[in-house]
Amino acid sequence: MLRLARIPDAPAASFLTAPFVPLEALDAQFAILGIPHGVPYTVRNVAPSVADAPRAVRERSARFGRMLGHYDFDLGDAFTNLGPLRLADCGDVPADPYDLPASAARATAAVRRIIERGAMPIVLGGDDSTTALALRAFEGRGPLHVLQIDAHLDYRDEVDGIREGYSSPMRRAAEMPWVARIVHCGQRGLGSARPADLHDSLARGNVVITARELRARGVERVLAEFPPGERYYIAFDCDGMDPSVMPGTSAPLPGGLQFYEAVDLLTGLAQRGRIAGINFAEHYPSLDVNGITALAIVRLIVNLLGAIVGGKR
């Protein structure tokens, strides 16, 4: 039987040089978990480049892990001066290509174990189907208010009879009783959504704030949709960012979020209430340019952790 998560063999890099810790021994405030494999539509999607994203992000973070005592201009101080960083890296969820439903269930169980151990999961995907797998782990721990940063709505009910694929994670999330509301943010251009999908999301009480509206009205337009003092989950698709910030994604579109818009969204939510978890998806290292996408992911996580550890400083 495969373990819920597997620690990479040495000399693999951990995230920010944090210690690798098995899920069974986890005692931390934050836990990194890779979910390289989601629910594929075809056999060609079983092991695409996106499955290599957790490794790419860890390797890009290694340099910064040795510099947490240096002054960080985004944080306004050295990270180590903000407070203790109780961060652990729990490795990756292994997948069985001959039993994909079991692999999906294993991913949810691994995230659930992190939550049960009292840590905040930071999930490195994986295609966007991994988002619903992570959110499913919060059953009985709602309500969660979800911020989706994405160029697309991801609200298809099914594609060729598959209901758990990467076009459907927000539809599946909307069916979870512990998900109170979804704020879709960054949508632009064309994607898999049909007009009926948009109608269904709005009818459920969700909100859509396009990239153009965010640019015109600012980050506060998005943050105002989240009731203060609640628990928030962030579903972060790399194609929600402008390609100048995250080029390594399979569906880049001009006009996406800029880096500090994303930083202000994440840190603004952290100051507004409690971040229950975050996952990143749709990072294709084979399509990246000089590791820029992995670098942006690392810096977004650092800014978010800094806001949580440092409070409202």
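Further up the page is the structure itself.
It should be emphasised that the depicted structure is a prediction, and the values quoted were computed from it without experimental measurement. (Residues numbered from 1 in each chain as written. Predicted model: local features only at pLDDT ≥ 70, side-chain atom pairs only at ≥ 80, totals over all residues. Heavy atoms only, no water.)

Trainee: How would you explain the overall build of the protein chain if you had to name every residue and give the values?
Mentor: Scanning the protein chain for helices and strands turns up 10 helices and 10 strands. The C-alpha radius of gyration of the protein chain comes to 18 Å, within 12% of the 20 Å expected for a compact globule of 313 residues. Considered along the principal axes of its C-alpha atoms, the protein chain spans approximately 50 × 50 × 40 Å. Counting only contacts in the protein chain whose residues sit at least 6 apart along the sequence, the fraction spanning at least 24 positions is 78%. Summed over its atoms, the accessible surface of the protein chain is roughly 12800 Å², and 53% of this surface lies on carbon and sulfur atoms. (Helix = DSSP H or I, 4+ residues; strand = E, 2+ residues; numbered from the N terminus. Rg over C-alpha atoms; globule rule 2.2 N^0.38 Å. Contact = heavy atoms within 4.5 Å. Areas by Shrake-Rupley, 256 points an atom, 1.4 Å probe, with all protein chains shown as cover.)

Trainee: I'd love a proper account of the pairing of strand 5 (residues 120–125), names of residues and values included.
Mentor: For strand 5, a buried count of 6 out of 6 residues is recorded, marking the element as mostly surrounded by other parts of the structure. Judged by which residues are buried, strand 5 turns out to be covered on both faces: M120, I122 and L124 on one side and P121, V123 and G125 on the other are all buried. Sheet topology places strand 1 (residues 30–35) next to strand 5; 6 bridges connect them, and they run parallel. Bridged to F30 within strand 5 is M120. (Buried < 20%, exposed > 50% of the residue type's maximum accessible area, 1.4 Å probe, protein only. Pairing = 2+ DSSP bridges.)

Trainee: Any chance you could break down the environment of G126 for me, citing the residues and the numbers?
Mentor: Take G126: it is sitting in the loop between strand 5 and helix 4 (129–135). In sequence terms G126 and A281 are 155 residues apart; their C-alpha atoms lie 5.3 Å from each other. Apart from residues no more than four positions distant in its own chain, G126 is found in contact with I35, P36, V50, A53, F280, A281 and E282.

Trainee: So what's going on with the side chain of R172? Residues and values would help.
Mentor: Among the structural elements, R172 can be located in helix 5 (residues 169–174). Take R172: its relative accessible area is 2%, and that puts it in the buried class. Within the structure, R172 has its side chain in polar contact with the side chain of E175 (distance 2.8 Å). (Polar contact = N/O pair within 3.5 Å; in protein donor to acceptor, adjacent residues only side chain to side chain.)

Trainee: Give a description of helix 3 (residues 100–116) that names residues and reports values.
Mentor: With 17 residues, helix 3 should cover 24 Å at 1.5 Å per step; its first-to-last C-alpha distance of 24 Å lies within 8% of that length. Within the span of helix 3, buried status applies to S103, A104, R106, A107, T108, A110, V111, I114 and I115. Those residues of helix 3 hidden inside the fold are in contact with strand 1, strand 5 and helix 4. One or two positions beyond helix 3, positive phi appears at G118, with a value near 85°. (Expected span 1.5 Å × (residues − 1).)

Trainee: Residue-level account of helix 9 (residues 259–272), with values.
Mentor: Spanning 14 residues, helix 9 covers 20 Å between terminal C-alpha atoms, matching the ideal 20 Å at 1.5 Å per step. With 10 of 14 residues buried, helix 9 is to be regarded as a mostly interior element. Within helix 9, the full set of buried residues consists of F259, E261, A262, V263, L265, L266, T267, G268, L269 and A270.

Trainee: Can you explain the pattern of salt bridges? Please cite residues and give values.
Mentor: The tally for this structure, following the rule as stated, stands at 22 salt bridges. A salt bridge links E24 to R113; its shortest N-O distance comes to 3.9 Å. Here E24 is found in the segment before strand 1, whereas its partner R113 is found in helix 3, with 89 residues between them in sequence. Residue classification places E24 among the partly exposed positions, given a relative accessible area of 42%. (Salt bridge = Lys/Arg side-chain N within 4 Å of Asp/Glu carboxyl O.)

Trainee: Give a description of the sheet that holds strand 8 (residues 207–209) that names residues and reports values.
Mentor: Strand order in the open sheet formed by 8 strands is 4-1-5-10-9-6-7-8, with parallel pairing between adjacent strands. Looking at which strands have only one partner, the edges of the open sheet turn out to be strand 4 (87–92) and strand 8. Taken over all neighbouring pairs, the strand axes of this sheet differ in orientation by 20° on average, direction set aside. Sheet strands touched by helix 9: strand 6 (144–149), strand 7 (179–185), strand 9 (231–237) and strand 10 (274–281). Its angle to strand 9, the strand with the most contacts, is close to 165°. (Axes fitted to C-alpha atoms, helices over the stretch in contact; angles between N-to-C directions.)

Trainee: Hey, could you go over the side chain of Q187 for me, with residue numbers and the actual values?
Mentor: The topology assignment puts Q187 in the loop between strand 7 and helix 6 (195–203). A polar contact is formed between the side chain of Q187 and the backbone oxygen of D150, at a distance of 2.9 Å. Contact partners of Q187, with chain neighbours within four places excluded, come to Q148, D150, A151, H152, L153, V208, I209, T210 and A211.

Trainee: So what's going on with the nonpolar core? Which residues, and what values?
Mentor: Core analysis: the largest hydrophobic core is formed by 55 residues, its most contacted members being L147, V222, F236, M246, L265, L266 and L300. For this core, the element with the most residues is helix 10 (residues 292–310), which contributes 11 residues. With near-sequence residues (within four places) excluded, L266 lies in contact with I149, I234, F236, I278, L300 and L304. Ranked by size, the runner-up nonpolar core spans 41 residues in total, among them L26, A31, I114 and A137. (Core = buried A, V, L, I, M, F, W, Y, C linked by side-chain atoms within 4.5 Å.)

Taken by themselves, the reported measurements are silent on function.
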